[in-house]
Amino acid sequence: MNECIPVDQLGTMKQLDAEDPRRRHASSCPRCSSLLFAYEEFTRAEAVEGANPVVAEMQLGRFIEEHAGAAGPKRVTGAPRPSRGRWFDFPILRVAAVAATLIIVAVAFWQPWQSKEIVYRGEASVQFTGLRATRASDGSIDVYWDAVKGADSYRVTLLAQDLAEITRLDAGNTLSAHLDSGTSGGPAPYYWQVTALADGAEILTSDPQRSP
Amino acid sequence: MSDAASTPDRELVERARAHAGTPAGREAAGELLRRYRRAVYLWCFRYVRDHERALDMAQDVMLSAYQRMGEFEGRAAFSSWLFVIARNRCFNEMRNDARREDVDLESVESDEASIDDRIEKEIQGRRLTEAASRVLDTTEQRAIWLRYSERMPVDEITAILKLDHKSGARAVLQRARRKLKSALEEA
């Protein structure tokens, strides 16, 4: 069976020359020809009696948009924000703001009373890392994540199967949260996600993670 | 990226990998998944015959594919890579399903039970493959592989093979089992 075609190579069979040994094998071997038939049925996606592909496409489209939409998974960064007010229209305030920013940056980098080595907990990144969850025998779930640079607190959100929000949990500045079976008070959470906050503003939200 | 809908899979895969985590990468990955959402849902539905359950499984497949997009090297077609994920998800569902359909197994006569076990164990083996290619016609081969390798429910095999006679795939499977039994005993 060494010459049998790996399943993930089935899609390239039709591109091969008719005399190619792999294609000839695929058409003569019962296992490969049946598998190829199954794969072609998969891609053909013909309606199946009792199925509701129109509704499914709509729901899955929404699901995909939540996860892989161009704007990212419920990322607040880049989302429309409330009006900044009119103070920015005054040149003198603009100059003052720039000066204040420069002073803050200078102070942040010039700290002779501290060690020269700056250690960050976790990696600076644009995505959450270290996301994991474990379920205890009593049904409670512990979720973990790595630190996000600039975040001063975190919030865990529990989501239902259709990604509707069930509840939110303030995790403070820790890198884990304990969710007991009564945390949600509603349907069992199907997904969870964590949001990093800085001064109360959301700076990064993870992709929804399937609950264990 | 308004041309995403007409872009070939291969190009979208490259974009999704090269720009992972950026809006362009997300859009490419999203377009790839959107293209196959119907196929994934319908494939899952064939196994469970339940809309909600199939939708749940399809979501798992989509999420898994999205999270593992970086592992996809692009040497195979994206559709066949996704098929692997969908297929595995269906296998797991069937494995965990206490209500797994075994009606055809219950109905086989006792002397066929042993050949049934044997096919299940040897479905990937050379000896059975050679016997199948020798004694079974194309429909019988497909029915046997869909049942024992793809673990597809019998009624779905009837539908996918477009068998319109009353007993559908059940009769084809029984005939194929008998032929395989004789072939393997003779060998």
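Residues numbered from 1 in each chain as written. Chains lettered and ligands numbered in written order. Predicted model: local features only at pLDDT ≥ 70, side-chain atom pairs only at ≥ 80, totals over all residues.

Draft legend 1. Just the overall build of chain B, in detail. When you go through chain B residue by residue, the secondary structure sums to 10 helices and 0 strands. Listed N to C, the secondary structure of chain B is α-α-α-α-α-α-α-α-α-α in terms of helices and strands. Relative to its 187 residues, chain B shows a buried fraction of 40%. Contacts in chain B between residues at least 24 apart in sequence constitute 61% of all its contacts with a sequence separation of at least 6. (Helix = DSSP H or I, 4+ residues; strand = E, 2+ residues; numbered from the N terminus. Buried ≥ 20, exposed ≤ 12 C-beta atoms within 10 Å, placed from the backbone. Contact = placed C-beta atoms within 7 Å.)

Draft legend 2. Spatial organisation of the overall build of chain A. Across its full length, chain A holds 4 helices and 8 strands. The secondary structure elements of chain A, listed N-terminal to C-terminal, are α-α-α-α-β-β-β-β-β-β-β-β. A separation threshold of at least 6 residues defines the contact pool for chain A, and within that pool the share at least 24 residues apart is 52%.

Draft legend 3. Summary view of the sheet that holds strand S1 (residues 132-135) of chain A. Residue and element names in this part refer to chain A. Reading across from one edge, S1-S2-S5 is the order of the 3 strands in this open sheet, with antiparallel pairing throughout. Each edge of the open sheet carries a strand with a single partner, namely S1 and strand S5 (176-179). Taking the axes of each pair of neighbouring strands and ignoring which way they run, one obtains an average angle of 15 degrees across the sheet. Note that S1 and strand S2 (residues 141-144) share 4 bridges and pair antiparallel. Its bridge partner lying in S2, Arg 135 is registered against Ile 141. (Pairing = 2+ DSSP bridges. Axes fitted to C-alpha atoms, helices over the stretch in contact; angles between N-to-C directions.)

Draft legend 4. Highlighting the packing of helix H2 (residues 30-44) of chain A against helix H8 (residues 138-148) of chain B. Running from N to C, H2(A) and H8(B) point in directions that differ by 75 degrees, and their axes come no closer than 9 Å. Classed by the angle they form, the pair H2(A) and H8(B) counts as roughly perpendicular. Of the residues in H8(B), those touching H2(A) at Pro30(A), Arg31(A), Ser34(A), Leu35(A), Phe37(A) and Ala38(A) are Gln141(B), Arg142(B), Trp145(B) and Leu146(B). Residues belonging to the contact of H2(A) with H8(B) are distributed by class as follows: 6 nonpolar, 2 polar and 2 charged. (Parallel < 35°, antiparallel > 145°, perpendicular 65-115°, else oblique. Nonpolar A, V, L, I, M, F, W, Y, C, P; charged D, E, K, R; others polar.)

Draft legend 5. Up close: the confidence of the model for chain B. All names here are of chain B. Across chain B, the average pLDDT comes to 83, with 86% of residues at or above 70. Note that residues 98-109 has pLDDT below 50 and, in this model, 11 contacts with residues that lie over four places away or in other chains. If you check the scores for this complex, the pTM reads 0.58 and the ipTM reads 0.81. (pLDDT = per-residue confidence, 0-100.)

Draft legend 6. View of the nonpolar core. Membership of the largest hydrophobic core comes to 69 residues, with the highest contact counts inside it found for Leu33(B), Val40(B), Tyr41(B), Cys44(B), Ala58(B), Met62(B) and Ile144(B). In terms of residue count, helix H2 (residues 23-48) of chain B provides more of this core than any other element does, 13 residues in total. Ignoring any residue separated from it by four or fewer positions in sequence, one finds Tyr41(B) in contact with Pro53(A), Ala56(A), Leu60(A), Ala54(B), Leu55(B) and Ala58(B). Listed in part, the 17 residues of the second largest apolar core include Ala177(A), Leu179(A), Trp192(A) and Leu204(A). (Core = buried A, V, L, I, M, F, W, Y, C linked by C-beta atoms within 7 Å.)

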